[in-house]
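One letter stands for each residue in the lines below.
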Amino acid sequence: MSSMSSVAGLSKYITTLPKTKNSILTIIFISFISGALIFLIGNEYPYGIIEKILYGGSFGFGVLGISSIISGGIDQRGIDSLHGINLKTKHSMFLSLLSMTFISAILIIGALFGAIFHANVFINCLLFGCILIFGLNTLILWSVTKISFRRSAMIGTIQPLLILAMYVLVSYFSSYSPIIDSSLGSMILKVIVGSVIFILAIYSFITVVESPMKKNLGIGILDLLSLFIAHMNEGSKSLESLFDNMGEPISTVVTFISFRTKKGIKSLFVSPSVHPGPLGDIGGSNMPTILAERFNHFTMIAHGPSTHDFNPVATRELDKIESAIKTGLDKIEYSPKATLFKRYKEEKANIGVQFFNKGMVILSTFAPEGSDDIEFGVGLTMMTQSKSRCKVQDSIIVDCHNSFTPESGGVLPGNDEVFEIITAIDKIDLENEYHDIKVGCYENPMNDLGKNEGVGESGIKTMVIEVANQKTAYILFDSNNMEIGFRAEIIDTVKELGIDEVEVMTTDTHSVNTISRGYNPIGLTKRPEITEYIKESVIKAIDDLEEVEVGTGTEKIENLKTFGPTNSTELISTISSIVAVSKIIAPVLFISAIIIVIIWIFYT
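None of the values given here were measured: they were computed from a predicted structure. (Residues numbered from 1 in each chain as written. Predicted model: local features only at pLDDT ≥ 70, side-chain atom pairs only at ≥ 80, totals over all residues. Heavy atoms only, no water.)

Student: Could you clarify how one ought to interpret the packing of aromatic side chains in this entry?
Tutor: Between two aromatic rings, the relevant description is the distance of the centres plus the angle of the planes. Evaluation of the coordinates by the stated rule reveals 14 aromatic pairs. Ring centres of Phe 113 and Phe 117 lie 4.7 Å apart, and the angle between their planes is 40°; this geometry places the pair in the tilted category. Placement of the pair is Phe 113 and Phe 117 together in helix α4 (residues 89-117), with a separation of four residues, close to one helical turn. Relative accessible area serves as the criterion here: at 40%, Phe 113 is assigned to the partly exposed category. (Phe/Tyr/Trp six-rings, centres within 6.5 Å; stacked < 30°, edge-to-face > 60°. Helix = DSSP H or I, 4+ residues; strand = E, 2+ residues; numbered from the N terminus. Buried < 20%, exposed > 50% of the residue type's maximum accessible area, 1.4 Å probe, protein only.)

Spelled out as structure tokens, the structure:
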């Protein structure tokens with residue numbers, strides 16, 4: 001499995017937490033049931049079954065339930081007062097529920113052990129459980145709230161201290177609580193030493209896993225994690241500041257085709273060599289929609305040759321792409337001439353080529369084989385070679401990004417795919433007749449489909465180009481790649497509508513990559529509904545056909561701040577290595593800490 005696949009796979013742990021009231025009700029239920037089970041299992045409680053359920057349930061709710069509910073409220077306010085992030089009341093209450101569930105399980109196991117071996121281990125189990133949840137709370141709060149380790153440990157003590165305080169209080173005022181078999185001084189000593197052991201384990205673990213990230217990229221893994229969660233929970237863009245610190249300015253290009261009528265520009269087809277990532281609304285992730293909305297006419301933002309190295313660090317960087325396009329539009333020379341759309345193939349490489357005035361477009365795909373991003377250097381080579389061979393002014397290279405498999409690698413220098421593309425370009429027919437051109441456009445946001453179906457804000461955009469009675473459909477989904485095989489289904493469907501040639505593309509938007517699959521290509525679900533949208537868009541685009549003039553352009557984008565060459569690869573590989581190392585270090589450290597604490601609590 002690739003590093004990118006490993007990192008994307010972490011997204012399966014992203015989930016939506018229950019509402020606060022649901023967590024509170026669950027705390028009440030689990031605490032009551034746990035207390036009842038402890039009394040029912042134990043031999044030392046001289047009551048009937050009904051009394052054990054009532055007394056035990058009341059004891060469990062009083063000691064575990066009430067303290068956990070109070071802790072859920074206090075923790076949130078404590079983190080908020082310390083200017084921490086990511087801990088709303090529902091998060092805090094769920095953490096209290098999770099911690100209480102752990103300690104309840106330990107107490108029930110302890111009750112079973114005591115019943116079998118006729119030993120009273122309740123207090124020791126309670127102390128061990130409190131130390132365990134102290135460590136859990138500290139680790140989670142330090143990891144996600146962006147407050148210091150010391151302050152996280154302080155907040156982490158609240159729930160276990162409340163539980164112990166409630167236990168002492170209930171024991172003092174009731175005659176049916178478990179017997180305290182240790183002195184108060186002994187209990188305090190056991191808690192302090194056990195907590196220190198866990199603190200050392202947690203601090204050692206975080207120090208080890210943070211080291212590669214700080215050394216390689218100068219950023220902390222906890223900062224990255226906490227700001228990522230803030231983006232997932234609240235749409236915060238604070239993560240951009242972190243990427244800005246590690247980013248580098250680059251120069252790249254944007255290419256475009258403009259179609260105009262006597263009234264002005266009718267449609268614009270743009271291929272920026274800038275990657276729409278990294279995810280959600282961070283950086284350039286929603287670039288296809290943001291850029292398109294900055295033009296007052298139908299605009300398709302296709303996926304140009306670029307990888308995650310070319311992710312803009314902040315949304316503001318998109319201003320530079322917009323400026324370059326608008327500068328280029330002022331320079332375009334138009335004519336009503338274009339050629340037929342033709343296909344060329346070499347091994348897995350499949351390119352669709354059409355000439356417009358003084359330029360050309362190359363739509364590149366490896367379907368039906370899986371593929372990922374075409375690297376900028378490869379795209380630049382394609383551009384240079386095609387311009388030289390075909391004697392054109394502009395070559396608009398599009399990575400159709402329409403055939404997904406989880407293990408698909410990018411098209412990088414040295415790959416066999418590069419030579420296959422180059423050979424396919426060498427096959428392009430240089431004897432082409434030019435004809436008048438008609439263009440029709442249609443777009444639909446597909447509002448009843450969304451990120452869960454792999455559909456971004458721009459939905460579907462279709463442009464039908466008619467040259468010498470040949471109709472070619474350029475279909476663009478605002479999605480991150482396409483489930484393998486779906487492209488072929490779409491092409492067959494569209495050709496039944498009187499279309500001669502079809503290519504299906506995705507924008508590679510990473511705005512759809514915030515759900516639990518990580519990778520989220522279109523076509524995994526709702527294919528019949530998507531197909532209906534395709535049919536509608538093609539029919540409406542045909543109805544919109546009218547004569548146009550066409551021109552092409554290429555503009556350089558300078559000082560675009562992106563992740564930078566090698567930085568994204570280093571980030572992904574570093575995270576991947578941290579995950580791999582954590583799978584070894586975490587069990588060793590924490591199991592060792594648990595064993596030492598068990599020995600300390602139960603055998604001293």
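Student: When you look at the pairing of strand β8 (residues 437-444) in this model, what are you seeing that I'm missing?
Tutor: Consecutive side chains along a regular strand alternate between the two faces of the sheet. The buried fraction of β8 amounts to six of the eight residues, a majority that puts the element mostly inside the structure. Across eight bridges, the pairing between β8 and strand β9 (residues 460-467) is antiparallel. Paired with Val 439 across the strands is Ile 465, a residue of β9. Pairing of β8 with strand β12 (residues 546-562), which is carried by three bridges, proceeds in the antiparallel orientation. (Pairing = 2+ DSSP bridges.)

Student: Help me understand the packing of α4 against helix α5 (residues 122-144) in this model?
Tutor: Packed helices, taken two at a time, are described by their axes: the angle between them and the distance between them. In the contact formed by α4 and α5, the axes pass within 9 Å of each other and the chain directions differ by 155°. It follows that α4 is roughly antiparallel to α5 by the angle criterion. The two elements α4 and α5 meet at a crossing, and its hand is right-handed. Contacts from Leu 95, Leu 98, Ser 99, Phe 102, Ile 103, Ile 106, Leu 107 and Gly 110 of α4 reach α5 at Phe 122, Cys 125, Leu 126, Phe 128, Gly 129, Cys 130, Leu 132, Ile 133, Leu 136, Asn 137, Ile 140 and Leu 141. (Axes fitted to C-alpha atoms, helices over the stretch in contact; angles between N-to-C directions. Parallel < 35°, antiparallel > 145°, perpendicular 65-115°, else oblique. Left-handed = near helix turned anticlockwise from the far one by under 90°. Contact = heavy atoms within 4.5 Å.)

Student: Is there a simple way to think about the nonpolar core in this case?
Tutor: A general tendency of soluble globular proteins is for nonpolar side chains to be buried together. In terms of nonpolar packing, the biggest core is built from 65 residues, with Leu 126, Met 213, Leu 224, Phe 243 and Leu 571 touching the most fellow members. Counting residues per element, this core draws most heavily on helix α8 (residues 184-217), which supplies 12 residues. Beyond its immediate chain neighbours, meaning those up to four positions away, Phe 243 contacts Leu 224, Pro 278, Ile 282, Val 313, Phe 563 and Leu 571. (Core = buried A, V, L, I, M, F, W, Y, C linked by side-chain atoms within 4.5 Å.)

Student: I would appreciate a short explanation of the environment of Lys 358 in the present structure.
Tutor: Within the secondary structure, Lys 358 is located in the loop between β5 (349-356) and β6 (359-365). Separated by 266 residues in sequence, Lys 358 and Ser 92 have C-alpha atoms that sit 62 Å apart. Here Lys 358 is in contact with Glu 333, Val 392, Gln 393, Asp 394 and Thr 552, once residues within four sequence places are set aside.

Student: Can you walk me through the pairing of β6 in this structure?
Tutor: Burial analysis of β6 places seven of its seven residues in the buried class, the great majority of the element. Of the two faces of β6, both are covered, the one formed by Gly 359, Val 361, Leu 363 and Thr 365 as well as the one formed by Met 360, Ile 362 and Ser 364. Pairing geometry for β5 and β6, over seven bridges, is antiparallel. Bridge pairing in β6 links Ile 351 to Ser 364.

Student: I'm lost on the sheet that holds strand β7 (residues 394-399) in this one. Help?
Tutor: Here we have four strands laid out as an open sheet, ordered β4-β5-β6-β7, and mixed in their pairing. Either end of the sheet is taken by a strand with one partner, and the two such strands are β4 (342-346) and β7. Between one strand axis and the next, the sheet turns by 20° as a mean value, whatever way the strands run. This element, helix α13 (residues 376-390), spans β5, β6 and β7 of the sheet and lies at about 140° to β7.

Student: Just checking my understanding: could you explain helix α3 (residues 49-81) for this structure?
Tutor: An ideal rise of 1.5 Å per residue puts 48 Å on 33 residues; α3 measures up with 46 Å between its terminal C-alpha atoms. At Phe 61, α3 shows its strongest bend, of approximately 35°. Two residues or fewer after α3 comes His 83, characterised by a positive phi angle close to 65°. (Expected span 1.5 Å × (residues − 1). Bend = angle between axes of the 7 residues up to and from the residue.)

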